[in-house]
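Chain residues, written in single-letter form:
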Amino acid sequence: MDPRRRSLLAGAAMLPFAARAQGDWPNRPIRLVVPFAAGGAADSAARAITPVMAQKLGQTIVVENRTGAGGSVGGAAVAAAPGDGYTLLWDASSHLVNPALMKGLPFDYASFVPVSLVVTFPGVLAVKADFPARSVAEFIAAAKARPGAISVGTQGNATAGHVGLLQFTRRAGIEVIHAPYRGGADAARDLAAGAIDAVFITTVSAGPIVDSGRARFLAVATLERVPSRPEVPTLAESGFPGFNSNEWAALFGPAGLLAPVVDRLHAALAEALADPGVKQRLAQIGAVPVGSAPADFARFVREGREQMAVLVKEAGIRLD
């Protein structure tokens, strides 16, 4: 058969599916896989947003927690699903870190279709209540006076907090002891108890112990001050221009997700993020709405993956 005729026939065969995807999707419940534990920041954000998204789409969105292996178990489940819009992935910064750390994965993170960066969870540098430093400059001075003596907790190896801490210490020219935990809440608990000197985690995790007077914020790791903590300066204001290190949650689809479905998902997401009730719930968990356009998010993922590969290699980051 003439190759040109074969190409035309293949294109014609795809037209009904594309039309259905644009006109009829969704016509059954959507499964949203969250590769993290229920009750965590990413999961809480998903459950705050999806009910309104479901209303806009006219179908139920079922949140399914598939944890394990740094988020790759949930990633594998979605990667194996068809790109029809009925199975989606709600992932975080591990989406960029895992490809640089994990070898032999049964799927390729680059195959996912980026839909939107939904929310961010601002990173923060905080110290225990009796730590002498009351500013970033004083913290750096203390670290230089005692190289390798100050302990700083994060959510764990290869997490956003660990990466942010590495970026901060490199730019500051200081050496600290990295104390990886199983999550930000565990690190915050030990900071409150005085077992470690500082943390580089999220405002969500550190907020309660700061509010109770058992710890103190020094700076947030965002480009602008956090609305819920307007009194806390940014690292950018504290001598580190352009410093931006946050945890985040984002929406992805499996390979083959059609552009009309991506557009409908993004439109429903934008409406959900504009909903006053959703805004209130996100503020309560310390999440900052973003809702970036698919093209912008695709660029963010591409550039972030490249930067993470370099950082992981240079810093020798490991999962264990």
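Residues numbered from 1 in each chain as written. Predicted model: local features only at pLDDT ≥ 70, side-chain atom pairs only at ≥ 80, totals over all residues. Heavy atoms only, no water.

A few points about the overall build of the chain
Across its full length, the chain carries 11 helices and 10 strands. What you see for the chain is a C-alpha radius of gyration of 21 Å, in line with the 20 Å of a compact globule of 320 residues. A principal-axis box enclosing the C-alpha atoms of the chain has dimensions of 75 × 40 × 30 Å. Counting every position in the chain, which comprises 320 residues, the buried fraction comes to 50%. (Helix = DSSP H or I, 4+ residues; strand = E, 2+ residues; numbered from the N terminus. Rg over C-alpha atoms; globule rule 2.2 N^0.38 Å. Buried < 20%, exposed > 50% of the residue type's maximum accessible area, 1.4 Å probe, protein only.)

Some points on the confidence of the model for the chain
Detailed reading of the predicted coordinates is not advisable wherever pLDDT falls low. Mean pLDDT over the chain: 90, with 92% of residues reaching 70 or higher. Low pLDDT (under 50) marks residues 3–22, which in the prediction has 11 contacts with non-local residues, meaning those over four places away or in another chain. (pLDDT = per-residue confidence, 0-100. Contact = heavy atoms within 4.5 Å.)

With respect to the nonpolar core
Formed by 37 residues in total, the largest nonpolar core has its most connected members in Ile49, Met53, Trp90, Val119, Leu265 and Leu282. For this core, the elements supplying multiple residues, two or more each, are β1 (30–34), α2 (41–57), β2 (61–65), β3 (87–91), β4 (113–128), β9 (246–253), α9 (259–274) and α10 (276–284). Sort the elements by how many residues they give to this core and α2 lands first, with 9 residues. Leave out the neighbours within four places in its chain, and leucine 265 touches Trp25, Met53, Leu57, Leu88, Val115 and Leu257. Core analysis: the next-biggest nonpolar cluster, separate from the first, contains 24 residues, Phe131, Val136, Phe168 and Ala198 among them. (Core = buried A, V, L, I, M, F, W, Y, C linked by side-chain atoms within 4.5 Å.)

Re the packing of aromatic side chains
Applying the stated criterion across every chain, the model contains 13 aromatic pairs. Centre to centre, the rings of phenylalanine 112 and phenylalanine 252 are 6.4 Å apart; their planes meet at 70°, and the pair counts as edge-to-face. On the criterion of sequence distance, the pair formed by phenylalanine 112 in the loop between α4 (94–101) and β4 and phenylalanine 252 in strand β9 is long-range, its members being 140 residues apart. With respect to class, phenylalanine 112 is no different from phenylalanine 252; both count as buried. These aromatic residues form a ring-pair network of at least three members: Phe107, Tyr109, Phe112, Trp248, Phe252, Phe297 and Phe300. It is arginine 28 that lies over the ring of tyrosine 86; its NZ or CZ is 3.7 Å from the centre. (Phe/Tyr/Trp six-rings, centres within 6.5 Å; stacked < 30°, edge-to-face > 60°. Lys NZ or Arg CZ within 6 Å of the ring centre and 35° of its normal.)

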